[in-house]
Amino acid sequence: MSEPGYEEARDELVEVVRKLEAGGLSLEESLALWERGEALAKTCERRLAGARERIDQALAVTEEDVADA
């Protein structure tokens, strides 16, 4: 199974938090949701870091173009 995109991971993370906050879960269910939430949060962080890197690269190219002009 491939890693979800940022929006998909974020939406699922919101749902995980909602379920945890609602309560009424067994300890095992809560732990499983917590672990899933941690994995989703890491996915979001990786996706955002990748987007930041792409933006930084694009800005660097733009700055080089301006400096060369």
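Residues numbered from 1 in each chain as written. Predicted model: local features only at pLDDT ≥ 70, side-chain atom pairs only at ≥ 80, totals over all residues. Heavy atoms only, no water.

## Points about the overall build of the chain
Scanning the chain from terminus to terminus reveals two helices and zero strands. Overall, the C-alpha framework of the chain stretches about 65 × 25 × 15 Å when taken along its three principal axes. A buried classification covers 12% of the 69 residues belonging to the chain. Carbon and sulfur atoms form 55% of the exposed surface of the chain, whose accessible area is close to 5,600 Å². Positive and negative side-chain charges in the chain, numbering 9 and 18 respectively, have mean positions lying 5 Å apart. (Helix = DSSP H or I, 4+ residues; strand = E, 2+ residues; numbered from the N terminus. Buried < 20%, exposed > 50% of the residue type's maximum accessible area, 1.4 Å probe, protein only. Areas by Shrake-Rupley, 256 points an atom, 1.4 Å probe, with all protein chains shown as cover. Lys, Arg positive; Asp, Glu negative; His and termini not counted. Charge placed at Lys NZ, Arg CZ, Asp CG, Glu CD.)

## Regarding the packing of helix H1 (residues 6-22) against helix H2 (residues 27-68)
At a minimum axis separation of 9 Å, H1 and H2 run at an interaxial angle of 150°. One finds that H1 runs roughly antiparallel with respect to H2. Between H1 and H2 lies a crossing whose hand is left-handed. For the pair formed by H1 and H2, the contact residues are Tyr 6, Ala 9, Arg 10, Glu 12, Leu 13, Val 16, Lys 19 and Leu 20 on the first element and Ser 30, Leu 33, Trp 34, Arg 36, Gly 37, Leu 40, Ala 41, Thr 43, Cys 44, Arg 47 and Leu 48 on the second. (Axes fitted to C-alpha atoms, helices over the stretch in contact; angles between N-to-C directions. Parallel < 35°, antiparallel > 145°, perpendicular 65-115°, else oblique. Left-handed = near helix turned anticlockwise from the far one by under 90°. Contact = heavy atoms within 4.5 Å.)

## Some remarks on the nonpolar core
Within the largest apolar cluster, five residues are counted, these being Ala 9, Val 16, Leu 33, Leu 40 and Cys 44. Those elements that place two or more of their residues in this core are H1 and H2. Counting residues per element, this core draws most heavily on H2, at three residues. (Core = buried A, V, L, I, M, F, W, Y, C linked by side-chain atoms within 4.5 Å.)

## Concerning the environment of Ala 41
Residue position: Ala 41 is located in helix H2. When the C-alpha atoms of Ala 41 and Glu 12 are compared, they prove to be 9.8 Å apart, with 29 residues separating the residues in sequence.

## Notes on the pattern of salt bridges
Counted under the stated rule, the structure contains five salt bridges. Residues Arg 10 and Asp 11 are paired through a salt bridge, measuring 3.1 Å at the closest nitrogen-oxygen approach. On the basis of relative accessibility, which here comes to 34%, the residue Arg 10 falls in the partly exposed class. Taking relative accessible area as the criterion, Asp 11 reaches 45% and is therefore assigned partly exposed. Between Arg 36 and Glu 12 there is a salt bridge, with the nearest N and O atoms lying 2.8 Å from each other. On the criterion of sequence distance, the pair formed by Arg 36 in helix H2 and Glu 12 in helix H1 is long-range, its members being 24 residues apart. The class of Glu 12 is partly exposed, set by a relative accessible area of 29%. (Salt bridge = Lys/Arg side-chain N within 4 Å of Asp/Glu carboxyl O.)

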